[in-house]
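Structure at a glance
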Amino acid sequence: MESDGDPAARVAAGTNPVHNLWRLRPYLRPYAAEFAWLLLAGLAGTAAGIAVPLVVQRVVDGPVARHEPGGLLQLGGLALLLGVVEAVLIFIRRWVQSSSAVGMEAALRADVYAHLQRLPTSFHDRWQSGQLLSRITSDLSVIRRFLSFGVFFLVLNLTTYVVVVVLLVRLHPVLGALVAASAVPLLLISRRFGRHYHAASRRMQDQQGDVATLVEETAQGLRTMKAYGRGPELAASFAGAARRLHDTGVGKGRLLANTSALLDLVPNVTLGVVLVAGAAAAAEGVLTIGELVAFVSLQLMLIWPVQSLGWIIANGQEAATAADRIQEVLDTPPRIVDRPGALALPRDAVHGQLRFERVAFSYPGATAPVLCEIDLTIEPGETLALVGATGSGKSTLLSLVPRLHDVTAGRITLDGHDLRELRLASLRRLVGVAFEEPTLFSMSVRENLTLGHPDAGDHDVRAALALAQADFAYDLPWGLATRVGEQGLSLSGGQRQRLALARAVLGRPALLVLDDPLSALDVHTEALVEAALRRVLRDSTALLVVHRPSTIALADRVALLEDGRITATGRHSELLASVPAYRALLAAEPAAGHPPSSGAAGSSPSASDGWGLVHS
Ligand SMILES: Nc1ncnc2c1ncn2[C@@H]1O[C@H](COP(=O)(O)OP(=O)(O)OP(=O)(O)O)[C@@H](O)[C@H]1O
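What counts and what doesn't
- Residues numbered from 1 in each chain as written.
- Predicted model: local features only at pLDDT ≥ 70, side-chain atom pairs only at ≥ 80, totals over all residues.
- Heavy atoms only, no water.
- Pairing = 2+ DSSP bridges.
- Helix = DSSP H or I, 4+ residues; strand = E, 2+ residues; numbered from the N terminus.
- Salt bridge = Lys/Arg side-chain N within 4 Å of Asp/Glu carboxyl O.
- Buried < 20%, exposed > 50% of the residue type's maximum accessible area, 1.4 Å probe, protein only.
- UniProt positions renumbered as here; feature names shortened; annotations may be inferred.
- Contact = heavy atoms within 4.5 Å.
- Core = buried A, V, L, I, M, F, W, Y, C linked by side-chain atoms within 4.5 Å.
- Phe/Tyr/Trp six-rings, centres within 6.5 Å; stacked < 30°, edge-to-face > 60°.
- Near = heavy atom within 4 Å.
- Polar contact = N/O pair within 3.5 Å; in protein donor to acceptor, adjacent residues only side chain to side chain.
- Areas by Shrake-Rupley, 256 points an atom, 1.4 Å probe, with all protein chains shown as cover.

1. What about the sheet that holds strand β2 (residues 371-378)?
With respect to topology, four strands assemble into an open sheet ordered β2-β1-β4-β5, the strand pairing being antiparallel. Each of the sheet's edge strands pairs with one partner strand only, and the pair in question is β2 and β5 (417-418). Here strand β4 (residues 409-414) runs beside β5; their pairing, made up of two bridges, is antiparallel. Within β5, the residue paired with L414 across the bridge is H417.

2. What to know about the pattern of salt bridges
Under the definition given, this model contains 21 salt bridges. Note that R411 and E357 form a salt bridge whose closest N and O atoms lie 3.0 Å from each other. Of the two residues, R411 sits in strand β4 while E357 sits in strand β1 (residues 354-361), which places them 54 residues apart along the sequence. For R411, a relative accessible area of 31% corresponds to the partly exposed category. Here R420 ties to D418 by a salt bridge, and the two come within 3.0 Å at their closest N and O atoms. Counted as one network, the salt bridges with shared partners bring together R135, D139, R202, D206, D324, R325 and E328.

3. Brief notes about the UniProt feature "transmembrane region" (unreviewed entry) in the chain
On the UniProt side, "transmembrane region" (unreviewed entry) is annotated at positions that read residues 31-52, 72-92, 146-168 and 174-194 here. Summarising residues 146-168: 100% helix, 0% strand, and an end-to-end C-alpha distance of 30 Å. Along residues 174-194, the helical share is 95% and the strand share 0%, with 31 Å between the first and last C-alpha atoms.

4. Structural notes on the side chain of S134
Within the fold, S134 resides in helix α6 (residues 129-171). Relative accessible area serves as the criterion here: at 5%, S134 is assigned to the buried category. Not counting residues within four places of it along the chain, the set of residues in contact with S134 comprises D139, Q205, Q208, G209 and R325.

5. Digging into the nonpolar core
By size, the foremost hydrophobic cluster in this structure holds 49 residues, and its most contacted members are V387, L465, L499 and Y582. Non-local contacts of L465, meaning those with residues more than four positions away in its chain, are made with L449, A470, D471, A473, Y474, L480, L499 and A502. Core analysis: the second largest hydrophobic core is formed by 32 residues, I374, L400, I412 and A559 among them.

6. A closer look at the packing of aromatic side chains
In this structure the tally under the stated criterion is five aromatic pairs. Relative to W304, the ring of F153 has its centre 6.4 Å away and its plane inclined at 85°; by these criteria the two rings are edge-to-face. Note that F153 is positioned in helix α6 and W304 in helix α12 (residues 303-330), a separation of 151 residues in sequence. With a relative accessible area of 12%, F153 lands in the buried category. Ring pairs connect the aromatic residues F152, F153 and W304, which therefore count as one cluster.

7. Some remarks on the pairing of β1
When β1 meets β2, the two strands line up antiparallel, connected through five bridges. Bridging across to β2, L354 finds its partner in I378. Examined bridge by bridge, β1 and β4 share five bridges and lie antiparallel to one another. Directly across from F356, in β4, lies its bridge partner I412.

8. Observations regarding the site of the ligand
Neighbouring the ligand are 13 residues, the closest being D125, T390, K394, S395 and T396. At 2.5 Å, a side-chain N or O of T390 approaches an oxygen atom of the ligand. Between the ligand and G393, the relevant distance is 3.0 Å, taken from an oxygen atom to a main-chain nitrogen or oxygen of the residue. When the free accessible area of the ligand is taken as 630 Å², the share hidden by the protein chains comes to 61%.

Take a look at the structure:
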């Protein structure tokens, strides 16, 4: 089965991080003009800087040697002018640099986020959310730093180095060649450093993701963790991850410090040799004093480019590994997409017949299928309850209807159209979904409700809230404008479930897919919601996962799912009478407000009465 961007598989396959960095160049394209100006300003500034020692040479060998104060003033003024020009160009460069870098980062971040949304749920099942979080935040910042500063200084410093060495060779070929030769140890040191630093960078960025995952899990599971008194163990595990991150950081820092020391040493040793040999040459008259001053001043200009080499390589390696990690996400194809010529079905044209034809499904990487040979037809307006033991595949079957996963064999049709032939957006507007775990986003209640129907009017929202018995939303501090979700007001499980239900029924969906929609409600609210749902279910075709026998009352028919296969379908009373496995399953489930039955449901009048289920 095709991998959903499994990071382990990717590392094993081996990738080229520098190539991945290069692949991000389209993000720089909109800023090509700015970048050209930037480079031009940088190069002009450097040229002005390089010209200063050459002017100084003229000053020393001319007016100073000949004692002509008039010429001194002219050349001194020129040197001053060059200094001012250099300063202005540096200012322009810095100013342009910051805006283009931030724009590029924002565009890339938006694309990665949009891609994450397109990726199937199976991708998100396999990736730690902390890893995604660290990629979309810190990795993108690293890339921004390199593409804006690192690349720029790499080009600028290399150009400065080449130009200065050429000038030095022209001033004194032997000493110039000596300076040029010092590039060899610099190259060797840089290569070795780059290799080691790359491995350390990747390790550190992955460890940052692990730490983010731990923080996220702790934040989400704080109540469970506290209730079980597991705080100290989790703190110890976090401290371990933080220590590993710290150790990798220290190792990286030492590697950079050692290399910087070596990179410092080479130009300083060369400078010492040049000073001694240059002084001797000046004494012999081969070199003028002005030329010696210019030579040494120019050579001093090489110290910063060489010193910064370590930082640039480090930054480049970090950016390359960050690009690798970003491309791991971007290279994962969104496999659930619109086919060419996919249909959009208007709501009014849909009757709502949902048919599963020999459907099978396996999770990516799983050895055994979760669903096999599912044949099921739900007629327009019919409500089918799916009953099965835990882990039998009920939620998985439900997730196939809005195409959160695609079937691995067979097909599902809506009014005869294969779901894969429909436009995803159209299909998802036709299907109202409420999951077992009602998720609310950090938005207002209204925005949460209209998630799938942003154009829904007040009337639709009111109707949906009434239907889900969620009128409490009007009594929240700011009514429907109250912010809920992680950054907002905390709601009870039952309140969240009712809002999720209201969201599912908003806009009269043609298909309703509800995973145990009444599980978190008290007996009284459950009865009210049930009564309201009964009205909605008349208009929609519905597939309900039912854990509690009382909810089966909503269904026209029941399908029993055992180990991924439908083993029986029929009215509740029929199954109760003729399918021992069904009886056994329901006998294990207490009805709302009733104790679990001790015997098989069919044989226990109290149990069947208690469920008050079927009107066969
Ligand atoms: N994202 C996933 N990746 C791999 N396997 C999964 C995934 N989700 C569920 N499974 C496996 O698929 C099987 C069916 O799970 P599913 O959640 O559909 O069962 P269920 O009948 O809805 O269970 P429950 O009643 O407990 O909610 C289980 O064995 C489960 O381990």
